[in-house]
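# Architecture and fold: a report
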Amino acid sequence: MTTALPYWHVDAFADRPFAGNQAAVMPLDAWPEDDVLQAIAEENNFAETAFVVPDASDEADFELRWFTPTEEVRLCGHATLASGHVLLSRDGGERVTFRTRRAGNLEVRQAVSAYELGLPIIPTEPGSWDEAAVLLGAEPRETWLNPEGYGIYLFDSEETVRGLDPDMRGLRALGNDQFICTAQGGETDVVSRVFVPGGGVDEDSFTGSAHAALTHFWTNRLGCESFTALQASQRGGHATCRREGDRAVLSGPCVTVVEGRFLLP
């Protein structure tokens with residue numbers, strides 16, 4: 001017997017279709033087995049599929065989990081924003097909260113012409129990873145690392161970041177790390193590209209969790225509480241990033257591209 005599951009395809013951090021980062025959002029009544037969730041994510045073949053279930057603990061409105069085509073991840077920003085967009089569009093309201101397994105409680109709230117997503121700040125410290133740096137396609141001026149697998153590689157110009165041609169096979173062999181390449185921008189304050197080949201995504205279109213690290217990095221460096229950001233992937237994605245204590249607040253719009261049913265045998 002075939003089971004029909006609700007399915008939304010959302011472009012997050014985008015004000016039009018075919019931009020930003022694609023996410024599948026699937027609100028469910030209860031959790032299937034993990035191998036079913038992974039198989040659905042593999043079939044969807046987006047950077048992330050977000051699954052949400054009503055939270056029975058009363059700690060939040062929903063439980064939230066994220067899967068790439070190859071594995072479950074501890075934190076995903078763009079699919080959280082997409083989940084908030086789907087639920088607030090469907091149910092109404094000004095905010096929705098999520099309980100996650102490894103990233104704490106998260107919130108998406110309505111803002112003027114966009115949504116705001118609060119994520120835990122991801123701090124980085126000066127370090128070095130020569131094996132990774134040589135694979136990026138240009139020599140970074142500085143390297144900043146977080147032990148959870150977030151690395152910021154600072155370059156001298158936006159042009160250098162846009163021109164990077166990393167050795168994806170070599171980066172993939174280093175594990176499931178985010179290689180966040182960044183510089184000050186021209187039309188936006190900050191520009192970045194993010195490579196996660198070890199997680200099944202060679203270049204991500206827009207990475208919310210990377211901007212939780214970039215918010216810590218750039219607000220300290222620029223001496224400000226907020227900045228505009230462009231992730232200069234092929235699709236491109238924009239956000240405004242603001243620091244509020246130990247939270248990075250990312251503001252951006254979402255667009256629903258497809259609403260339908262996923263048929264599960």
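Heads up: the structure comes first, above all this text.
Residues numbered from 1 in each chain as written. Predicted model: local features only at pLDDT ≥ 70, side-chain atom pairs only at ≥ 80, totals over all residues. Heavy atoms only, no water.

Within this structure, the stated rule accounts for 18 salt bridges. For the salt bridge of E63 with R99, the shortest nitrogen-to-oxygen distance reads 3.5 Å. Of the two residues, E63 sits in strand 4 (residues 62-67) while R99 sits in strand 6 (residues 95-99), which places them 36 residues apart along the sequence. Residue classification places E63 among the buried positions, given a relative accessible area of 15%. The exposure class assigned to R99 is partly exposed, which follows from its relative accessible area of 24%. Two residues, E107 and R109, come together in a salt bridge whose shortest N-O distance is 2.7 Å. In this structure, a network of salt bridges that share partners links the residues R95, E107, R109, E116, R242 and E244. (Salt bridge = Lys/Arg side-chain N within 4 Å of Asp/Glu carboxyl O. Helix = DSSP H or I, 4+ residues; strand = E, 2+ residues; numbered from the N terminus. Buried < 20%, exposed > 50% of the residue type's maximum accessible area, 1.4 Å probe, protein only.)

Below, the discussion takes up the environment of E244. Within the secondary structure layout, E244 lies in strand 16 (residues 237-244). For the pair E244 and I152, spaced 92 residues apart in sequence, the C-alpha to C-alpha distance is 21 Å. Those residues in contact with E244 that lie beyond four places of it in its chain are R109 and V249. (Contact = heavy atoms within 4.5 Å.)

Before going further, it helps to spend a moment on helix 1 (residues 34-44). Those residues of helix 1 that fall on the buried side of the exposure criterion are L37, Q38, I40, A41 and N44. All buried residues of helix 1 lie within an arc of 160° about the axis, which places them on one face of the element. Exposed residues pointing more than 90 degrees away from the buried face of helix 1 are listed as D35, E42 and E43. Packing partners of the buried residues in helix 1 comprise strand 1 (3-12), strand 2 (21-27), strand 3 (48-54), strand 4, strand 5 (72-73) and strand 18 (254-264). (Arc of directions from axis to C-beta.)

What follows covers the side chain of D55. Note that D55 resides in the loop between strand 3 and strand 4. Judged by relative accessible area, D55 falls into the buried class, the value being 8%. The contact partners of D55, leaving out residues within four places of it in the chain, are A60, D61, F62, E63 and R99.

This next bit is on the pairing of strand 16. The pairing of strand 15 (residues 226-231) with strand 16 spans six bridges and is antiparallel. Looking across to strand 16, one finds that T228 is bridged to T240. Between strand 15 and strand 16, which pair antiparallel and follow one another directly, the connecting turn spans five residues, one of which, G236, has a positive phi of 75°. Sheet topology note: the strand 16/strand 17 (residues 247-252) ladder contains five bridges and is antiparallel. (Pairing = 2+ DSSP bridges.)

Remember that the coordinates give geometry; whether it matters functionally is a separate question.
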